[in-house]
Amino acid sequence: MKYMHLIWAALFRRKTRTFFTLASILAAFLLFGMLDATRAAFSSGDSVIGVDRLITASRYSIIQSLPVSLTTRIQAIPGVKAVGTANWFGGIYQDPKNFVLSFAVSDNYLDIYHEIDLPADQRKVFEATRTGAIVGEALAKRFGWKIGDKVPLQSTIFPQRSGDKTWPFDIVGIYKPAPGAANGTDQQFFFHHKYFEDANAFRSVGTTVGWYAVQLTSADKADSVAKAIDALSANSDHETKTQTEQAFNASFAKQLGDIGLIVSAIMGAVFFTLILLTGNTMAQAVRERTSELAVLKTIGFSSRSVLGMVLAEGILLLMLGGVLGLALAGIVVPIVAKGSGGMLNLPPIGAQTWLTGLALMVAIGALVGALPARRAIRLNIVDALAGR
Amino acid sequence: MNRIKKLGFGLLTLLLVAAFLGVWIALPWQGIVALGLAFTAWMAFSRRGRQTWQVTRVGLATVVQRLGSSSVVVVGIAGVVGVLVAMLAMSDGFAETLRATGNDRTAIVLRGGSQAELNSILDRDSANVVMQAPGVKKDAKGRPIASGELVVVANLTRKATPDTDANVPIRGVGADVWALRDQVRIVAGRTFQPGLRELIVGKGARAQFAGLDIGKSIRLAGQAWTVVGEFTSGDALESELWSDAESVASAYRRGSSVQSVTVMLASPQAFPAFQAALAADPRLKVDVSTTQAYFSKQSEGLTKVLRAVGITVGLIMAIGAIFGALNTMFAAVQARAREIATLRAIGFRGLPVVVSVMLETMLLALLGGLVGAGVVWLVFNGYTASTLGSNFSQVVFRFHVSGALLWTGIKWALAIGFIGGLFPALRAARVPVTTALREL
């Protein structure tokens, strides 16, 4: 640290070049931040909070519903704590662009999904209101909904008995996602399965559900319980596939498939290229200063201090640009997410991204510093001073 | 006074850059070729031009000595162009696949407000009303050419990632489908026989998903179905599996309802009449669109997102690359400061120096652009990928690296080269000769 002023002076020896290099690094880490946000968006199933839950859906496809009669049979399996149900509603608010992730859920759903943090008084009102709905914070903010608002949602699938496709709802609660909840938890809309069933033009929804959410007494029973559930309906016309919630969510994300992978691969390549270029510039900067380094050694700096200074210079450069870049990504990512109109649900830059980013900055800084640093310690003072 | 002059000069340069970028973006390829020819002529026939050429030659001769830093420009720009072209090729490929699926000779009818076939349902009576509407083309026996269709979704395994399921669309089609979709050809095996639980598979689906070879059987709704043939169509239908509508309806207990009705129009001009007739019919509440409009609309969202991501990433990278190029060219000018000063001392004017530095940067940029676009073309043209479409099922599509995209890439490369070269070039020409000569 006592050489900080020397390192600083060396870094800004040529202001223009350092500024340009910083700008390149900034661009690279801005991209890194965006890449990491995309990666997080495509792997939304990583939440630790749902480890004790299984999802039972139709083996053939998610659009096929399951008989409601399975509820009691699943409940009877040892290791099952609770069974909830959910139906996809396919809601749209006012304009087809405003897609709302909306579900008709059983009464015990909120007990199973304890990460949905709804104040107790709001929960009471929700249970007492037939047309009541609870929405996530972020969703409420997106459309400016408040408790007490009447909100019409249009279903892309289910008309009401009257033939009207618009369903009125009363917003009775706004929940926060508990820490550790999956990305996007605060974007959802829940309402009573009873209302969905009573008002639906399709009578069959009374006897069927979209999928089951099964809570286990302990997470390590997942395999045996899943097998037991699937055995209940083996060889029937509604065979089921039971998997952990993580696997279920991940399979959704993977449906988008190649696109996420390709975008990540491309951004990764970009990052690599930009870093390579920075390394080159850095090497050039040290090469130019060969005689200066020789002077340092002549007046008594040890090889180790010179090595340390060159390495520190690389790390400092990377940190300056990288921190600025990640900070900028923190501003840009929400703008991009907003601009895509809900199509890209990018989470904000979190602590995890910052930690990975900082580790990368140090590692890359040391790496780009290492080659020139090695040159610097091997320097033959006489040759260097003579400019050979 | 000096400061004002400097400021004025800075502003002028910025204006120049902005003007160049504006013109550059707007210019069609003919314009740029003409510009290139005019420039070559100037270099060959005017005195200044020939001087420029001499200075450039000296510069180019030393590029090899500065291989490391010159490759920074080339690699950086190749990266920008590669990313941009790859992302746009993905977005174009997806849009083209869906656009090619529809045409203006056929129309598709869905339940009102349903947006995609998966959410739609029409009972048999409504479907019949639609088929009998005016504007629908009749065959030799006087029956309308129309197909009432069902789309269901099956879970199949993706070949590339065997541990994950993909939603693959299965379409139950009416008997008239061969007349309606004349682009569909059976390329292997035979077509399905109605009522026998047989399937034919699209070429794209067969390539992407496991277990779809002819003779194999897959389970749908608890029953075994046999794959009997493979078809091509060159559009999004290739992502699907087909069987007859009645078999699919009975397997999935849909009774006699269908999800959509596709009809052949008597002529493209008959569409408004057809649409108006259905809108006026009190028995129906349906959405009517030409298949062209329907499928094009489905690609809109994703295409937009991909384009936006591509251009955003491209811009950020371009900024990084511009700074990389600036660094390199400033260093190059620095290294040649004496040489340039000597040239100016013996009577070369500023212009040849400026132009030669610019030319060198732009040649490096062009090389980078060619490398980037070329690599993407080699690797990605025709590359098959799939993603979730609006029917909640997989759409298989191909990357399309078109000539226009390659051209866009080259244009970006040259623009980056222009900005990256301009400032170092101006500096080279403006440093006082005496200062430069003294510099080591």
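Above: the structure in question.
Summarised in this report is the structure supplied together with it. (Residues numbered from 1 in each chain as written. Chains lettered and ligands numbered in written order. Predicted model: local features only at pLDDT ≥ 70, side-chain atom pairs only at ≥ 80, totals over all residues. Heavy atoms only, no water.)

## Concerning the side chain of T208(A)
Part 1 of the reasoning: Mapping T208(A) onto the fold places it in strand β11 (residues 208–209).
Part 2 of the reasoning: By relative accessible area, T208(A) is classed as buried at 17%. (Helix = DSSP H or I, 4+ residues; strand = E, 2+ residues; numbered from the N terminus. Buried < 20%, exposed > 50% of the residue type's maximum accessible area, 1.4 Å probe, protein only.)

## Some thoughts on the packing of aromatic side chains
Any pair of aromatic rings gets described here by the distance separating the centres and the angle formed by the planes.
Part 1 of the reasoning: Taken as a whole and judged by the stated rule, the model has 42 aromatic pairs over all chains.
Part 2 of the reasoning: Seen from their ring centres, F39(B) and W42(B) are 5.8 Å apart, and the 35 degrees between their planes marks the pair as tilted. Separated by three residues within a single helix, F39(B) and W42(B) lie in helix α2 (residues 29–45), roughly one turn from each other.
Part 3 of the reasoning: A connected cluster of aromatic rings, assembled from ring pairs, spans F89(A), Y93(A), F143(A), W145(A), F158(A), W167(A), F169(A), F189(A), F191(A), Y195(A) and F196(A).
Part 4 of the reasoning: In this structure, R53(A) packs its charged tip against the face of Y113(A), placed 3.9 Å from the ring centre.
Part 5 of the reasoning: Directly above the ring of F9(B) sits R430(B), whose terminal nitrogen or CZ lies 3.7 Å from the centroid. (Phe/Tyr/Trp six-rings, centres within 6.5 Å; stacked < 30°, edge-to-face > 60°. Lys NZ or Arg CZ within 6 Å of the ring centre and 35° of its normal.)

## Looking at helix α3 (residues 47–63) of chain B
All names here are of chain B.
Part 1 of the reasoning: With 17 residues, α3 should reach 24 Å at 1.5 Å per residue; the first-to-last C-alpha distance of 25 Å fits that figure.
Part 2 of the reasoning: Of all the positions in α3, only G49, Q51, T52, V55, T56, G59, T62 and V63 are classed as buried. Angular distribution of buried residues about the axis of α3 spans 155 degrees; they occupy a single face of the element. Within α3, the exposed residues directed more than 90 degrees away from the buried face are R47 and A61.
Part 3 of the reasoning: Looking at the buried side of α3, the elements it contacts are α2, α4 (67–101), α11 (337–345) and α12 (350–380). (Expected span 1.5 Å × (residues − 1). Arc of directions from axis to C-beta. Contact = heavy atoms within 4.5 Å.)

## Quick look at the pairing of strand β12 (residues 394–398) of chain B
All names here are of chain B.
Part 1 of the reasoning: Among the five residues of β12, four are classified as buried, and the element is accordingly described as predominantly covered.
Part 2 of the reasoning: Inspection of the sheet shows strand β11 (residues 384–388) paired to β12 by five bridges, in the antiparallel sense. Paired with A385 across the two strands is F397, which belongs to β12.
Part 3 of the reasoning: Between the end of β11 and the start of β12, which pair antiparallel, lie five residues, with F392 showing a positive phi angle near 60 degrees. (Pairing = 2+ DSSP bridges.)

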